[in-house]
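# Topology and contacts: notes
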Amino acid sequence: MITLEQCLARDRADELASLRQQFDLPEGTLYLDGNSLGALPKDAPARAQDVIRREWGADLINSWNRNDWWALPTRLGDRLAPLIGAGAGEAIVTDTTSLNLFKVVANAVDIQRRAHPERKIILAERDAFPTDLYVIQGLIGLLDRGYTLRLIDRPEDLDAAVTGQTAVVVLSHVNYRTGYLYDMRAVDELVHARGALAVWDLCHSIGAVPIDLKGADADFAIGCTYKYLNGGPGAPAMLWAHPRHRADFRQPLSGWWGHARPFDMAVDYVPDPGIRSFLCGTQPIVSMSLVACGVDIFLQTGMEKIRRKSLALTDLFIELVEQECAGQGLALETPLDHAHRGSHVSFRHPQGYAVVQALIARGVIGDYREPEVMRFGITPLYLRFVDVWEAVQHLKAVLARREWERDEFRERGLVT
Ligand SMILES: *Cc1c(COP(=O)(O)O)cnc(C)c1O
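Every chain begins its residue count from 1, and numbering advances along the sequence as written. Only residues with pLDDT of at least 70 get local features here, since the model is predicted, and only at 80 or more are side-chain atom pairs given and counted; chain-wide, interface and lining totals rely on the full set of residues. With hydrogens and water stripped out, all remaining heavy atoms of the structure feed into the side-chain values.

- An unreviewed UniProt entry lists the protein chain under the name Kynureninase, from Castellaniella defragrans.
- UniProt positions are given in the numbering used here, feature names are shortened, and annotations may be inferred rather than shown by experiment. According to the UniProt record, the Cofactor (unreviewed entry) comment for the protein chain reads "pyridoxal 5'-phosphate".
- Recorded in UniProt for the protein chain, the comment headed Function (unreviewed entry) runs: "Catalyzes the cleavage of L-kynurenine (L-Kyn) and L-3-hydroxykynurenine (L-3OHKyn) into anthranilic acid (AA) and 3-hydroxyanthranilic acid (3-OHAA), respectively."

Shown next, in the form of structure tokens:
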């Protein structure tokens, strides 16, 4: 039996416990949705004020130089590089994950088109976050005939699916629904052994699990900053490209920010020789400036420590649900194997949507993803063991009292 006292004792022994004070968390809310929208770092409002009042209001156009707005995308890329196993000058913060995926898949396809024109399959997962599939479908519509998107149904099918026809493999490092975590190094080895290139979507793994893009020998990666990194709603995304591809960096959204000498105002596009070539146009400076507030909290600790606490919390969540909610129709979707578990826990329930709404009414914020999946994000920077205990007590009450049967919990909002 796991007890409340044990959970409290684990909080007292938690070496990351003090980091919670760096977040502004609403009183009375148990926030288990940091994998959709991270919480507010306490430094962010003052930073926003400074960018708006001083940099924009007082310094005006001089800020491009004086406050180094021009280099902000690469400065932030270097700042978050330690979280993804990247070196300086290899990562950038810009645009959205969807846009960045378009750029890197196009670049990867272009590299393959010149080296191996017979390879025309882009391989992805049926269970990918849909925008990834939509973006690939849109790109294929612009390519020569013959390019196709092939989908695998399960991670175990990957080995057989990567063939001499495969140009690029696009995978989510952690699956947004199930929380399944790929072994990035093993996959990259397999993909390269078959002559394909590997593109990783890090949306649910950056800030959630240790990532070593260079060590795992990945080719390209993109990911969100507004989820585990706490960059703020709609904060621009990251993009990383392995420096071995530098001579081949070529992306189709060739706007002036990616030009080698933007202020030459030349007629012809000449890409920047480095990672800046993945920029397109003018950046959202206010939103982008806040990304550092979230990243800086991670830099006070390390991903290995965060991972240890994440696994302890997800283990506790799973064990407590087993202990408190047995026989209530919940089915675990998330792998039990630590080697394949990200940092959220998902359960299926036939009335999953209504159960999540009933939890939200009790101040326990998780979310729902079709079909039937209730998702609970575990963010070790600001979640306590006692929060997991309390969340499971609420879940137990919602299920045991059948609170989800109330009509108000069945009405669907536009965003689930
Ligand atoms: C959240 C998420 C996205 C979101 O893309 P946006 O362009 O920021 O809307 C993309 N891919 C995955 C896997 C995600 O989890």
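### Looking at the overall build of the protein chain
- Numbering of helices and strands runs from the N terminus; a helix is a DSSP stretch of H or I covering at least four residues, while a strand is a stretch of E covering at least two. Broken down by element type, the protein chain carries 13 helices and 15 strands.
- Relative to a compact globule of 416 residues, whose C-alpha radius of gyration would be 22 Å, the protein chain shows 22 Å and is just as compact.
- Viewed in the frame of its principal axes, the protein chain has a C-alpha envelope of about 70 × 60 × 40 Å.
- Working definition: with a 1.4 Å probe on protein chains only, accessible area under 20% of the residue-type maximum means buried, over 50% means exposed, and in between means partly exposed. The proportion of buried residues among the 416 residues of the protein chain is 55%.
- By definition, residues are in contact when any of their heavy atoms lie within 4.5 Å. Contacts in the protein chain between residues at least 24 apart in sequence constitute 73% of all its contacts with a sequence separation of at least 6.
- For the protein chain, the computed accessible surface area is about 17,600 Å², with 54% contributed by carbon and sulfur atoms.
- Here the protein chain carries 45 positive and 54 negative side-chain charges, and the mean point of each set is 2 Å from the other. Using C-alpha atoms as the atom set, the radius of gyration is obtained and then compared with a globule rule of 2.2 Å times the number of residues to the power 0.38. In this description, accessible areas are obtained by the Shrake-Rupley approach with a 1.4 Å probe, and a residue is regarded as covered only by the protein chains that are shown. When charges are tallied, Lys and Arg are placed among the positive residues and Asp and Glu among the negative ones, while His and the ends of the chain are skipped. Every charge is mapped to an atom, namely NZ of Lys, CZ of Arg, CG of Asp or CD of Glu.

### Quick look at the domain arrangement of the protein chain
- Domain start and end points were adopted from an automatic or database domain assignment. Domain parsing of the protein chain yields domain 1 (4–42 + 302–409) and domain 2 (68–300).
- Taking only C-alpha atoms, the centre of domain 1 and the centre of domain 2 are 29 Å apart.
- Summed over both partners, the accessible surface that disappears when two parts come together, traced with a 1.4 Å probe, is what is meant by buried area. Carbon and sulfur atoms make up 62% of the area that domain 1 and domain 2 hide from each other, which totals about 2,500 Å².
- One side-chain nitrogen of Lys or Arg within 4 Å of one carboxyl oxygen of Asp or Glu is enough to make a salt bridge. There are zero salt bridges connecting domain 1 and domain 2.
- Taken together, the elements giving at least two residues each to the side of domain 1 that touches domain 2 come down to α11 (303–324), β12 (344–348) and β15 (373–377).
- If one sorts the elements of the side of domain 1 that touches domain 2 by residue count, α11 sits on top with five residues.
- Any residue outside Ala, Val, Leu, Ile, Met, Phe, Trp, Tyr, Cys, Pro, Asp, Glu, Lys and Arg is labelled polar, Gly included; the first ten of those are nonpolar and the last four are charged. Class assignment of the residues belonging to the side of domain 1 that touches domain 2 gives a composition of 14 nonpolar, 15 polar and seven charged.

### Examining the sheet that holds strand β10 (residues 237–241)
- What the seven strands build is an open sheet, ordered β4-β10-β9-β8-β7-β5-β6; its pairing is mixed. The open sheet is flanked by β4 (91–94) and β6 (148–152), the only strands paired with a single partner. Ignoring which end each strand starts from, the neighbouring axes of this sheet average 20° apart.
- An axis is simply a line fitted to the C-alpha atoms; with a helix, the fit covers only the stretch in contact. Between two such axes, the angle follows the N-to-C directions and lies from 0 to 180 degrees. Sheet contacts for helix α6 (residues 130–142): β5 (121–125), β6, β7 (166–172) and β8 (197–201); angle to β6, the most-contacted strand, approximately 155°.
- Most of the contacts of helix α8 (residues 184–193) go to β8, to which it runs at about 150°, and overall it touches β7 and β8. Strand pairing is assigned whenever DSSP detects at least two bridges linking the two strands.

### Some words on helix α4 (residues 72–84)
- Helix length check: α4, at 13 residues, gives a terminal C-alpha distance of 18 Å against a target of 18 Å (1.5 Å per residue), a fit within 8%.
- Taken as a whole, α4 carries its principal kink of about 30° at D78; the proline P82 stands between one and four residues after it.
- Buried residues along α4 sit in contact with β4, β10, α9 (285–289), α10 (291–299) and α11.
- With its phi angle positive at about 70°, G85 sits one or two positions after the end of α4. Given a helix with a known number of residues, its expected span is that number minus one, times 1.5 Å. The angle separating two fitted axes, one through the seven residues that finish at a residue and one through the seven that start at it, defines the bend at that residue.

### Topic: the UniProt feature "binding site: pyridoxal 5'-phosphate" (unreviewed entry) in the protein chain
- In the numbering used here, UniProt assigns the "binding site: pyridoxal 5'-phosphate" (unreviewed entry) feature to T97, S98, F129, P130, T131, D132, D201, H204, Y226, W256 and T282. Sequence-wise these annotated residues cover 186 residues; spatially they are dispersed, their C-alpha atoms as much as 30.6 Å apart.
- Residue position: T131 is located in helix α6.
- At a separation of 2.9 Å, a polar atom in the side chain of T131 contacts the side chain of S98.
- The residue H204 is located in the loop between β8 and β9 (220–223) in this model.
- The class for H204 is buried, based on a relative accessible area of 4%. Distance and chemistry together define a polar contact, namely a pair of N or O atoms within 3.5 Å, with one atom able to donate a hydrogen and the other to accept it when in protein, and with adjacent residues in sequence counting only for side-chain atoms on both sides.

### What to know about helix α5 (residues 97–115)
- The end-to-end C-alpha distance of α5 is 27 Å, a good match for the 27 Å that 19 residues give at a rise of 1.5 Å each.
- Taken across its 19 residues, α5 has 14 buried, putting it largely inside the fold.

### Description of the packing of aromatic side chains
- Pairing of aromatic side chains here covers Phe, Tyr and the six-membered ring of Trp, requires ring centres within 6.5 Å, and sorts the geometry by plane angle: under 30 degrees stacked, over 60 edge-to-face, intermediate tilted. Applying the stated criterion across every chain yields a total of 16 aromatic pairs.
- Ring geometry for F249 and F278: centres 5.0 Å apart, planes at 65°, overall edge-to-face. Of this pair, F249 sits in the loop between β10 and α9 while F278 sits in the loop between β10 and α9; the two residues are 29 residues apart in sequence, bridging distant segments of the chain. We note that F249, like F278, is buried.
- With a centroid separation of 6.1 Å and an interplanar angle of 25°, the aromatic rings of F317 and F347 are classed as stacked. One end of the pair, F317, is in helix α11; the other, F347, is in strand β12, with 30 residues separating them in the sequence.
- Residue class for F317 comes out buried when judged on its relative accessible area of 1%.
- The exposure class assigned to F347 is buried, which follows from its relative accessible area of 4%.
- Ring pairing ties together the aromatic residues W64, W69, W70, W256, W257 and F263, which thus form one cluster.

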